[in-house]
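In case you want the letters, here they are:
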Amino acid sequence: MQFWIRSGGIRSSKTFCTSVALVVVTLFSWSAPLAGDRHSTTAIAASVDENGITEFNLRQISQPRWIEIDLSEQRLRAWEGKKLVYSYRISGGKRSTPTPIGRFRINSKYRTHRMRGKGYNIPDVPYTMYFYEGYAIHGAYWHNRFGTPVSHGCVNLPVKQARNVYNWASYGTLVVVHK
């Protein structure tokens, strides 16, 4: 009996040591991007107006991948640096339920997800990527009015196009929403 206890303790201490070693290797193997690295982030030109509102120059964004949502054109553009990868018509939020404007990051992704809110309860919403609170970029199988603001604030895409963006983007991808 004591042999089993001792060998179990040895086994668990080996597992613990292996785990600690992996954590240490992971921490020391990370390094900041080099200045010339094509995936590095450079400073974004910003200015503060008299009301204390910060304005960002979209042309100066140097991210490896980022998503632009242009609400005035009802269009989503996916960029790799300055190279346009995708450009799709969207349906943003209606006047009564607008899409939030600003700079966000994709914080969760779901292949399918149930979306509920005041006045809607939609099962199996495809290719959902949340970027701010309950707001997401996702496929919409229930309408075909892309190019017109009809959503409750989310960014609707046709399902096939939503799949392309979903597979292209990752957690942390920058999402810039503007008019």
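Here the structure is shown first, and the text comes after it.
Residues numbered from 1 in each chain as written. Predicted model: local features only at pLDDT ≥ 70, side-chain atom pairs only at ≥ 80, totals over all residues. Heavy atoms only, no water.

(A) Structural view of the overall build of the protein chain. Of the regular secondary structure elements, the protein chain holds two helices and eleven strands. Order of helices (α) and strands (β) in the protein chain, N terminus to C terminus: α-β-β-β-β-β-β-β-β-β-β-α-β. Residue burial in the protein chain is summarised as follows: out of 179 residues, 34% are buried. Taking the intrachain contacts of the protein chain between residues at least 6 apart in sequence as the baseline, contacts between residues at least 24 apart amount to 52%. Of the roughly 11,600 Å² of accessible surface on the protein chain, a fraction of 55% belongs to carbon and sulfur atoms. (Helix = DSSP H or I, 4+ residues; strand = E, 2+ residues; numbered from the N terminus. Buried < 20%, exposed > 50% of the residue type's maximum accessible area, 1.4 Å probe, protein only. Contact = heavy atoms within 4.5 Å. Areas by Shrake-Rupley, 256 points an atom, 1.4 Å probe, with all protein chains shown as cover.)

(B) Molecular detail of the environment of Asp-70. Mapping Asp-70 onto the fold places it in strand β3 (residues 66–70). Separated by 19 residues in sequence, Asp-70 and Arg-89 have C-alpha atoms that sit 9.7 Å apart.

(C) Seen up close, the pairing of strand β5 (residues 83–89). The pairing of strand β4 (residues 75–80) with β5 spans six bridges and is antiparallel. Following the sheet pairing, Leu-76 is matched in β5 by Tyr-88. The hairpin formed by β4 and β5 contains two residues between the paired strands, and Gly-81 there has a positive phi angle of roughly 65°. (Pairing = 2+ DSSP bridges.)

So yeah, pure geometry; function would need other evidence.
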